[in-house]
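The lines below spell out each chain.
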Amino acid sequence: MSASSPRAENPRPVSPDLPATGGRQASLDGLRAIAAFGVLLFHVSIETGTALREGFLGGILSRGEVGVPIFFTLSGLLLYRPWVRVVLEDSPEPDTRIYLWKRLFRIMPAYWLVVVVALLLWADGHRGDLWTWTEMLFLLHNYDIDHWWYGLGPQGLGQMWSLSVEVAFYLTLPIMAAALRAFATRGGAPVAIRARRLLIGLAVFGGLSYVYTVFEFHPDYRPWMNIWLPRSWTFFVPGMMLAVVSVWARTGAEGPRRFGRAVHASTGSLWLIAALAYVIAATPVTGARFVGIDGMWTGLFEQILYTTVAFCLVAPAALGPERGGLSASVLGGRTMSYLGRVSYSVFLWQFVVLYLWRDFTGQATWTGDLVLNFVPVAGLTLLMAHLTYRYVEEPARRLIRYVAPRPDPAKAAALQPAP
């Protein structure tokens, strides 16, 4: 660590009320579980037609897709933190090569398994199409505006558009982080100025999402732009901002520490705001149900409301203390933590299981009882997720040892907070 590091200049004891900025946080796992099963409930409610019916229940169920922005906000928080430490703590620069390898091993093996299963089951007439396999296996299908399938992807893979957006974020994050770092550190600015500049730069990226949405509709509507990364910057940016505040707080700065304590103390109020924003999003202000984005203003309102939901849900867990608090007690239990760990595979398998279940029961699309379909579909999806997590995700994640150098114990000890 360089001599200019805040911790090197003024070592401080680690306060128990500081937000965690490393390791696994059980409350964040709980949020992953809520997002994954919320999206699953949304898809089942669409397929049974419940979310398409008039009335309050149909409206509430029709916006369960908000789980995707929650995932994006969590990704922004967790993946940007190492780059924030570089700017605010003078930590070593993350190795981009290792970062990309980790993302590859984390995301692709389980995804490839599901793609193979879905295409073999349902890609009639296209199983021998090399381009179909290429664009699905490498998550390029968002950029094919003349595809053969109906909707957002081939049968069983309709939700993977969001994974394509996620991977686009993974690939561009090092570039984005480098641009933000250059802006924040110019002129040898002190830590407080660097942190504020990071927040300003991130606000600009978030604002560009709304400019992009306007451009999507003018001079002509281009619906394929809905599923490209710039529209979703508004969802990633709140998590990235929370990463800045959490790391800044741990440098000893009183302002972000007070803000973190205020957020932690207002957990219930923030969750209530998230609930109210979700209810508003369930009204016609965000457009008709299940038709994508049907107008510029409804698209902008959807972005604003979904961003509000994601931020208000994630902020208490991101800025709360490492132990204790409402967020940890509700979201950090053993069951929620487990469901969060397998949530990625829950996301991957849900449409495959749902369509196999409907084939088995002989139900037509947009028919059937919501509860009688959701319970078995959720149970079978969870079973597949458990097996995939244990036999695919975890073994694949351990492959990083073959491409990443072993950590130097002396360097690791030097980077630990002062006692």
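Quick notes on the rules
- Residues numbered from 1 in each chain as written.
- Predicted model: local features only at pLDDT ≥ 70, side-chain atom pairs only at ≥ 80, totals over all residues.
- Heavy atoms only, no water.
- Helix = DSSP H or I, 4+ residues; strand = E, 2+ residues; numbered from the N terminus.
- Buried < 20%, exposed > 50% of the residue type's maximum accessible area, 1.4 Å probe, protein only.
- Areas by Shrake-Rupley, 256 points an atom, 1.4 Å probe, with all protein chains shown as cover.
- Phe/Tyr/Trp six-rings, centres within 6.5 Å; stacked < 30°, edge-to-face > 60°.
- Lys NZ or Arg CZ within 6 Å of the ring centre and 35° of its normal.
- Axes fitted to C-alpha atoms, helices over the stretch in contact; angles between N-to-C directions.
- Parallel < 35°, antiparallel > 145°, perpendicular 65-115°, else oblique.
- Left-handed = near helix turned anticlockwise from the far one by under 90°.
- Contact = heavy atoms within 4.5 Å.
- Nonpolar A, V, L, I, M, F, W, Y, C, P; charged D, E, K, R; others polar.
- Patch = residues over 30% accessible without salt bridge, like charges linked within 9 Å, V, L, I, M, F, W, Y side chains within 5 Å.
- Salt bridge = Lys/Arg side-chain N within 4 Å of Asp/Glu carboxyl O.
- Expected span 1.5 Å × (residues − 1).
- Bend = angle between axes of the 7 residues up to and from the residue.
- Arc of directions from axis to C-beta.
- Core = buried A, V, L, I, M, F, W, Y, C linked by side-chain atoms within 4.5 Å.
- Polar contact = N/O pair within 3.5 Å; in protein donor to acceptor, adjacent residues only side chain to side chain.

Colleague: Quick question: what am I supposed to make of the overall build of the protein here?
Modeller: Scanning the protein from N- to C-terminus turns up 17 helices and zero strands. Going through the 419 residues of the protein one by one, you find that 52% of them count as buried. Roughly 19000 Å² of accessible area belongs to the protein as shown, and the carbon and sulfur atoms make up 67% of that amount.

Colleague: Any chance you could explain the packing of aromatic side chains here in plain terms?
Modeller: Working definition: an aromatic ring pair is given by the centre-to-centre distance plus the angle between the planes. Across all of its chains, the model carries 13 aromatic pairs by this definition. Where Phe72 meets Phe236, the ring centres are 4.5 Å apart and the plane angle is 20°; that geometry is what we call stacked. Here Phe236 lies in helix 9 (residues 229-249) and Phe72 lies in helix 4 (residues 67-89), a separation of 164 residues in the sequence. Each member of the pair, Phe72 as well as Phe236, is classed as buried. Judged by centre distance (5.1 Å) and plane angle (90°), the rings of Trp83 and Tyr99 are edge-to-face. Placement of Trp83 in helix 4 and of Tyr99 in helix 5 (residues 96-122) is noted, with a sequence separation of 16 residues between them. Site record: aromatic cluster; members linked through ring pairs are Phe72, Phe169 and Phe236. Positioned above the aromatic ring of Tyr170, the side-chain terminus of Arg103 is 5.1 Å from the ring centre.

Colleague: Help me out: how do you make sense of the packing of helix 15 (residues 343-361) against helix 16 (residues 370-397) in this one?
Modeller: The angle between the axes and the distance between the axes are what describe a pair of packed helices. One can describe the packing of helix 15 onto helix 16 by two numbers: an axis separation of 8 Å at closest approach and a directional angle of 135°. Classified by the angle between their axes, helix 15 and helix 16 sit oblique to one another. Seen from above, helix 15 lies across helix 16 with right-handed handedness. Each of Tyr344, Ser345, Val346, Trp349, Gln350, Val353, Leu354, Trp357 and Arg358 in helix 15 lies in contact with helix 16, whose residues at this interface are Leu372, Asn373, Pro376, Val377, Leu380, Thr381, Leu382, Met384, Ala385, Thr388, Tyr389 and Glu393. Residues belonging to the contact of helix 15 with helix 16 are distributed by class as follows: 14 nonpolar, five polar and two charged.

Colleague: Before we go on, may I ask you to explain a nonpolar patch on the surface in this structure?
Modeller: Residues Trp112, Trp131, Phe138, Leu140 and Tyr143 make up a contiguous nonpolar surface patch of about 520 Å² in total accessible area. By the secondary structure assignment, Phe138 is in the loop between helix 6 (130-137) and helix 7 (161-185). For Phe138, a relative accessible area of 53% translates into the label exposed.

Colleague: Is there a simple way to explain the packing of helix 4 against helix 12 (residues 296-319) in this structure?
Modeller: Following both chains from N to C, one finds helix 4 and helix 12 inclined at 45°, their axes separated by 9 Å at the closest point. One finds that helix 4 runs oblique with respect to helix 12. Crossing hand, helix 4 versus helix 12: right-handed. Note on element contacts: helix 12 touches helix 4 through Tyr306, Ala310, Leu313, Val314 and Ala318, opposite Pro69, Ile70, Thr73, Leu74 and Leu77. Partitioned by chemical class, the residues of the contact of helix 4 with helix 12 number nine nonpolar, one polar and no charged.

Colleague: Explain helix 7 to me, please; I cannot follow it from the model alone.
Modeller: Turn by turn, an α-helix covers 3.6 residues, leaving residues three or four places apart pointing in a common direction. Taking 1.5 Å of rise per residue, the 25 residues of helix 7 would be expected to cover 36 Å, and the 35 Å separating its terminal C-alpha atoms lies within 8% of that figure. Along helix 7, the sharpest change in direction is near 45° and occurs at Thr172; proline Pro174 comes one to four residues later. Once helix 7 finishes, Gly187 follows within two positions and takes phi at roughly 75°, a positive value.

Colleague: For this particular structure, what's the right way to read helix 10 (residues 254-265)?
Modeller: Here helix 10 contains twelve residues, and its C-alpha end-to-end distance of 16 Å stays within 8% of the 16 Å for a straight helix at 1.5 Å per residue. Among all positions of helix 10, only Pro256, Arg257, Gly260 and Val263 are buried. Taken end-on, helix 10 shows its buried residues confined to a sector of 125°, consistent with a single buried face. Tucked into the core, helix 10 has its buried residues touching helix 9, helix 11 (267-281) and helix 12.

Colleague: Please clarify how the nonpolar core should be interpreted in this entry.
Modeller: Judged by nonpolar contacts, the single largest core of 112 residues is most densely connected at Tyr80, Leu88, Tyr111, Leu163, Leu198 and Leu348. Residue contacts for Leu163: discarding those within four places in its chain leaves Ile107, Tyr111, Leu139, Tyr344, Phe347 and Leu348.

Colleague: Would you mind going over unusual backbone geometry with me for this structure?
Modeller: Note on backbone geometry: most residues besides glycine have negative phi, and most peptide bonds are trans. The omega torsion across His218 and Pro219 is 5°, close enough to zero to call that bond cis. The backbone of Leu139 shows a phi angle near 55°, a positive value even though the residue is not glycine. We classify Leu139 as buried; its relative accessible area is 4%. We note that Trp366 has phi near 65°; this positive angle belongs to a residue other than glycine. Relative to the helices and strands, Trp366 resides in the loop between helix 15 and helix 16.

Colleague: Please clarify how the pattern of salt bridges should be interpreted in this entry.
Modeller: Should their charged atoms come close, side chains of opposite charge can pair. Applying the stated criterion to the full structure yields nine salt bridges. We note a salt bridge from Arg127 to Asp124, for which the minimum N-O separation is 2.7 Å. For Asp124, a relative accessible area of 53% translates into the label exposed. Between Arg261 and Glu254 there is a salt bridge whose closest N-O contact spans 2.7 Å.

Colleague: Just to check I follow, could you spell out the side chain of Ser62 for this structure?
Modeller: Residue placement: Ser62 occurs in the loop between helix 3 (56-61) and helix 4. The exposure class assigned to Ser62 is buried, which follows from its relative accessible area of 4%. In terms of polar contacts, Ser62 uses its side chain to reach the backbone carbonyl oxygen of Gly59, at 2.7 Å. Leave out the neighbours within four places in its chain, and Ser62 touches Phe42, Ala51 and Arg289.

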